[in-house]
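Listed below, chain by chain, are the residues.
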Amino acid sequence: MADAVRKVDIAHSGQTVVEAMEQLKVEVENARRDRETVLLVVHGFGATGVGGAIKAALTTELPRLARQHGFKAYGYADKERIPREHKVDARSLNQGSTLLIFREAQPSRDSTQDFRPNFRNLRSKVRVRVRRAP
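In this convention, every chain numbers its residues from 1, walking through the sequence in written order. It should be noted that, the model being predicted, local features are given only for residues of pLDDT at least 70 and side-chain atom pairs only at 80 or more, the latter also being counted only at that level, while totals for whole chains, interfaces and linings use all residues. Hydrogens and water molecules were not included; the side-chain quantities draw on all heavy atoms of the structure.

(A) Geometry of the environment of Pro83. The secondary structure listing takes helices from DSSP runs of H or I that are at least 4 residues long and strands from runs of E that are at least 2 residues long, numbered from the N terminus. In this fold, Pro83 is placed in the loop between β3 (71–74) and β4 (97–102). For Pro83 and Ile101, which are 18 residues apart along the polypeptide, the C-alpha to C-alpha distance reads 9.0 Å. Contacts are assigned to residue pairs that have any heavy atoms within 4.5 Å of one another. In contact with Pro83, other than residues within four places in its own chain, are Tyr74 and Ile101.

Structure below.
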């Protein structure tokens, strides 16, 4: 069964660049919180045909968000590199969209670590006195 792909449009409702980047941040945080694996971000290609201001801002912002939230971004030029296990239809990707694929949430290291007490810290402060025989 294919992973559900949620589509988020951050460019076609009259958003400014700042509003679009704020919407992107909120959508990425929501996707991570809801444990989604794939998010399709529609950012538009720009009226000039060479990419718009929102796409340029997205290109700058994505690396920071990717480090922070654990995803890889795939643009139109990368559609052949999309991991097959996600069963994403690459035809849904165009020059005005970017696909975000999130890593599986890893359990925290503390919860998976074996309990091994540090006996050096547990030493007793009791002193034992040895009595000499009379």
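(B) A look at the side chain of Gln15. Relative to the assigned elements, Gln15 resides in the loop between β1 (6–9) and α1 (17–33). Pairing of N or O atoms within 3.5 Å defines a polar contact, subject to two protein rules: one partner must be a possible hydrogen donor and the other a possible acceptor, and residues neighboring in sequence count only if both atoms are side-chain atoms. Looking at Gln15, its side chain comes within polar contact range of the main-chain nitrogen of Ser13, at 2.9 Å. Here the side chain of Gln15 touches Gln23 through a polar contact of 2.8 Å, side chain to side chain. Those residues in contact with Gln15 that sit more than four places away from it in its chain are Asp9, Ile10, Ala20, Gln23 and Ile54.

(C) Focus on α1. To estimate the expected span of a helix, count its residues, drop one, and scale the result by 1.5 Å. Helix length check: α1, at 17 residues, gives a terminal C-alpha distance of 24 Å against a target of 24 Å (1.5 Å per residue), a fit within 8%. Each element contacted by the buried residues of α1 is listed here: β1, β2 (38–42), α2 (53–69), β3 and β4. Remark: Arg35 follows α1 within two positions and exhibits a positive phi of approximately 60°.

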